[in-house]
Structure formats: structure tokens, C-alpha cells
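Okay, here's what each chain looks like letter by letter:
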Amino acid sequence: MIPPDDGTRRFADAALALDLLAIAPRQLGGIGLRGAGPARDALVDHLRDAGALRRLPAHVDDERLLGGIDIPSSLSAGRTVRQAGLLDEVRGGTLLVPMAERLAPAIAGRLAQAIDTGADFAIVLLDDGATAEEGPPPALAERVAFLCDLAGAPVGPVGSAPARTAFDKVEAGDGGALSTLAATALTLGIDSVRALLFALACARAHAARQGRATLSEEDLQAAARLVLAPRATRLPASDDAEPQERDQNRDDASARDDPGDTDAQGDDRPPDDRVLEAALAAIPPDLLARLAEGAGRRNARGSGGGRKAKSALRGKPLGARPGLPRGGARLALIDTLRAAVPWQPLRLREVPELDARRLLIRKSDLRIRRFEDRASAVTVFCVDASGSAAMARLAEAKGAVELMLAQAYVTRSEVALIAFRGRDAELLLPPTRSLTRARRALAEMPGGGGTPLATGLSAGRRLAEGIAARGSTPFLVFLTDGSANIAADGSPGRARARTDAEAAARSIAAARLAALVIDIAPRPRTEAEAVARLMAARYLPLPMADAATLRRAVDAARPSLQPA
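Note that the structure is predicted; figures quoted are calculated from it, not measured.

Rules of the game
Residues numbered from 1 in each chain as written. Predicted model: local features only at pLDDT ≥ 70, side-chain atom pairs only at ≥ 80, totals over all residues. Heavy atoms only, no water. Helix = DSSP H or I, 4+ residues; strand = E, 2+ residues; numbered from the N terminus. Buried < 20%, exposed > 50% of the residue type's maximum accessible area, 1.4 Å probe, protein only. Contact = heavy atoms within 4.5 Å. Areas by Shrake-Rupley, 256 points an atom, 1.4 Å probe, with all protein chains shown as cover. Salt bridge = Lys/Arg side-chain N within 4 Å of Asp/Glu carboxyl O. Core = buried A, V, L, I, M, F, W, Y, C linked by side-chain atoms within 4.5 Å. Phe/Tyr/Trp six-rings, centres within 6.5 Å; stacked < 30°, edge-to-face > 60°. Lys NZ or Arg CZ within 6 Å of the ring centre and 35° of its normal. Axes fitted to C-alpha atoms, helices over the stretch in contact; angles between N-to-C directions. Parallel < 35°, antiparallel > 145°, perpendicular 65-115°, else oblique. Left-handed = near helix turned anticlockwise from the far one by under 90°. Nonpolar A, V, L, I, M, F, W, Y, C, P; charged D, E, K, R; others polar. Pairing = 2+ DSSP bridges.

### Some words on the overall build of the chain
The number of helices and strands found in the chain is 24 helices and 16 strands. Looking at the chain as a whole, 45% of its 564 residues are labelled buried. Taking contacts inside the chain between residues at least 6 apart in sequence as the whole, the part at least 24 apart equals 75%. When the accessible surface of the chain is split by element, carbon and sulfur atoms take 52% of a total near 28100 Å².

Shown next, in the form of C-alpha cells:
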């Protein structure tokens, strides 16, 4: 009987996965360890004590990873001398990837390519993602057999159990084991053939650890629990539960009728059902709930930062590229020398009078530095401050602004606030991360009067365009019920006010600005939905929103800010 899901069992499963990885590192690829804490530290220390463990530097480049030219040795020897890269140095050992959820896609691609071409090393992904949406790059998560969540798990015993039987001696059988694992994977919605092969390799490693030359049902259950369960994307059909429950009731009745008959007490269900049960028991209850709601797969969203853009001056270093050091671009000296060294013997033959100790560099050798800079994100709240409910709306906006500012340091985001009432719109809070400044500006907010919706929409658009012109990424959030009774020129009249508001909404769509319209009316109104549709924005009816609910709604609705 498999114990219920808890931290102790999750730690034991992760320790078992490390043992199996040591038995068949090439066949199992590696392991992902999610959740920083003493439990994960204990497993990493065990790996470090067990053998060669190399750490991937945070900003590793292609030369350090794949190897390149040893420039001093090449210049001294007069010929090209290559130096080993990190992937060469880690052969036969384990590569530790810290903060795998932040790994650059290019580096993830290099590692995936090395794994696919038969690199002789195992990989350990340390996942410090704070939410379900964050995780290692799919290219690497697909290439490790085990994905273990150690968040909140206590430290348990860690000790290697060597294989009693050689892995190559374990037979996979006549296909029945693979069919059982395939049926389990299909039931759990796993469509990756690589995951199925990992599960079979895991079962063989488990059998080798136990000293068996053939696979048993225990081995298949371990493979389903360790490899397939963390990759589940759906639950079995609900109508399967009744026959299983009837079978269990029949088993219980048989056991009561003849308690001395061990055959009657055994589980007479098909092996596929028992292996599936082992996988289901390993899925955390909260994941089961999300899978039941159809939210098992991760969805990439923006995390508060702005769009990524290439920069010549600042940001995260990227690989150098051919180019001239002009227009602010800086020369990458080492990369330039690395490009020139292999051509020196040929160039010296072309120019025999040149001193052999000198390096001949041509225009094609020049390399310039590249950086990736993430622009700051600015959320612009545009609040309808008219009418009798204005004070409540402004209080909600104030609370949401303060909550978002508390996260500004981590997400590099800013907030701004525009209130529109009477005949005009007022910028109450320019883009800022300062919580003190925000509280001071929000202390006294005016309310009441007419609804100049067109003026409020235009003010939000102008501010957003100014933010974009400075290189930041704006996101407009309008809190309104969609009604309008003041035209763009300040004159009263609902018909003219509606026409002007529609024109202002279309101008936001034409500017291609990301926006969200939150309907704060007591009941959802067609006017607010129509405004959202005209500005190509998302529409969210939220009549009873408090500050925390509003912040969560904005975070959920914010689009991905990565370039397409």
C-alpha cells in the first residue's frame, strides 16, 4: 500500500531517484529538484560526495560551455590550440544547473543538443520557481527522467544502494511491461515517447537495484510513481472509479469470508490498474484539483518585467557577434582574437615580410559585445472617480497600487494612477516604485462629478505612449462602468460623450497598447464590454473587488511581455 502524499514520502522518492540515476545515468538523463531548502541541500551534498559534480556558471558563454581556442597557447605555439569546455570536463560526472527556471534558452538548447548527441553526463536542474508557471526550460525538463518537488519536505536518510544486478542484464520482457507503462501514460495524458522510455529505463534500474534480472510489478509501480506521475496532465475518466470500487469491495468481502486464504486476500485487479493507482497516489492533491479543472499544463505569462531587447551597452551579457565597434557598440577583444588566431598561418604565408610574432587582424575578425536588457514594466491605473461610488473605487485602486508597489523591487515594475472626473483627467501618480511617494499622492483623492470617459481614455493612451517612447512597457488598466456623459471637449451630453469615448477606445487599439477594462458596476454592463472590445482589451467584470482581488486580477490578465 502506497503511503499518502507528504513531505517524507517525497523526499524518499527523490533519494530513490538519485540512486536509480547513479545506476543508469545515460539512460535516465538527470533529475529536476524543485523547492529550495534543507531537503534539497541534503540531496545535492550527497551528489557532491558521490562523485564528480560541476556547477554551471550563471552567465556561461558558448566558449566556456563548448570549448574554444586557447589564445595565449595559440599565440605562443604559432598554431591553433583548443581548450576543453565545461561539457568536456564534466564527462562521466554530473552537471548541476542552479536557478534552472532562469536559464537562457540558448544555453538550454546547447545542453539539450549535447544530451541528444550522447554526452556522457547526468544533469541536475535546481528549480527555484515561485509559482507553477515558472520552471526549467521544456527542452531540458523533457530530457530528465525525474521531476521531484521538495518544497516543505523534511530531511530524511540519504544513502546510495548499489545495483545488485548490472543494468544491462535486466530484461525488459516480451513487451508486456512497456504496454503497461504506455497504458498508464496514455491515461494520464502523457504524449511524450521520451517519458515512456524514461519510465522503462527507471523500471529496469529499480529491478537492478533490487537484484532482479526481470521486471516485476513493483518496478513498474516505481517507474509510474517517479517518472509518469509528475508529468500527468489529466485524470482518468470518472466512470472508471465505480468498477474499481466494486472490485475493491469484492476483495474486501472475500477477505472477510476466508481470512486465511492469502490468494483471496490478494488484489485480483489487472496489473495496469495497480500501476495506474501507484501513479495517482504520487500526484499531490492540489495538482489533482488543478488537473480536474483542466489547468494541468503550464501557461507562460509575464512576470512583471518588461520586454526583452538587445542592447549594445548594458544588460545580461550575450554571445559576441561580427560587427564594427561603432554607434555605441563595444569591441569584444577576446572574441576578436579568437576569430583571428586560426587564420594566422595562412595570413603569414600571404604576407611573408610580417613579423611572425605579430597578429594580423582583418575587418572580418572584429566582434562586438551584445547584451540583453529587460525594459521596466509600468501598470497605468485609470480610475473612473465620478459618481457616488467614487470613493470606494479610489480606495480599491489605492490598495492595489500599494500592493503592486510592494513587489516592484522584485519585478522591476512601476505603477501610475490617473483619475478622471468632472470635465478632466488628472495624473495623480506619475510612474514610480516609491511606496512612500505613492501613499503621499494617494492620501487625498477627489471624487464625484460627471464622467469624462473619453478624456480618461485619451489621458491613459498619451501616458502609455510616453512610457513606451522611453523604452518601458506600459499596461493600461481601466476601472470604469463604461458610462459617459461628458464629451472630449468638456460639454455635457451622453450621445456625444459616447461617440468620443468610442473614438478614444479605437485610438488605444490603433496604438497597439496592452489594456484591461475592469467593470466596477454593481452588475456587468454592456457599455464597459463594448469599450473593451473597441480598444482590443480584455474585459473583466469585477463589481465587488477589494484591493487584493484587484491585484490578482491584474496579474492574471497581464499579457506575456516577451517578444513574439
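We are not done yet, so read on.
### Considerations on the pattern of salt bridges
Within the structure shown, the criterion is met by 20 salt bridges. For Arg 209, the salt bridge is made with Asp 19, and the minimal N-O distance between the two is 3.3 Å. Of this pair, Arg 209 sits in helix α10 (residues 193–210) while Asp 19 is found in helix α1 (residues 7–23), placing the two residues 190 residues apart along the sequence. Of the two residues, Arg 209 and Asp 19, both sit in the buried class.

### Things to note about the nonpolar core
Of all hydrophobic cores here, the largest spans 59 residues; its most connected members are Leu 20, Leu 28, Ile 31, Leu 33, Phe 146 and Leu 228. Ranked by residue count, the leading element in this core is α10, at eleven residues. Leave out the neighbours within four places in its chain, and Phe 146 touches Ala 17, Leu 20, Leu 21, Leu 28, Gly 30, Ile 31, Gly 32, Cys 202, Leu 226 and Val 227. Residues Cys 382, Ala 464, Ala 505 and Leu 513 belong to the second largest nonpolar core, which totals 29 residues.

### Thoughts on the packing of aromatic side chains
The final tally for this structure, using the stated rule, is zero aromatic pairs. Here the basic side chain of Arg 204 rests over the ring of Phe 167, its NZ or CZ set 4.3 Å away from the ring centre.

### Digging into the packing of helix α21 (residues 453–469) against helix α22 (residues 494–510)
Contact geometry of α21 with α22 gives a least axis separation of 8 Å together with a crossing angle of 15 degrees. In terms of their interaxial angle, α21 and α22 are classed as roughly parallel. Judged by the twist between their axes, the crossing of α21 over α22 is left-handed. Touching Leu 453, Ala 454, Leu 457, Ser 458 and Arg 461 of α21 are Asp 500, Ala 501, Ala 504, Ala 505, Ser 507 and Ile 508, all from α22. For the contact of α21 with α22, the class distribution of residues is seven nonpolar, two polar and two charged.

### A closer look at the sheet that holds strand β15 (residues 515–519)
Taken together, six strands build an open sheet; the order of strands is β13-β12-β11-β14-β15-β16 and the sheet is mixed. In this open sheet, the two strands that pair with only one neighbour each are β13 (424–432) and β16 (538–541). Between one strand axis and the next, the sheet turns through 15 degrees on average, direction left out of account. Lying on the sheet, α21 is in contact with β11 (377–384), β12 (413–421), β13 and β14 (473–480); it crosses β14 at an angle near 165 degrees.

### With respect to the sheet that holds strand β6 (residues 122–127)
On the basis of which strands lie adjacent, the open sheet formed by five strands has the order β2-β5-β6-β1-β7 and parallel pairing. In this open sheet, the two strands that pair with only one neighbour each are β2 (53–55) and β7 (146–149). On average, adjacent strands in this sheet sit at an angle of 20 degrees to one another, irrespective of strand direction. Relative to β6, strand β5 (residues 94–97) runs parallel, the two sharing four bridges. By the bridge assignment for β6, Val 97 is matched with Leu 125.

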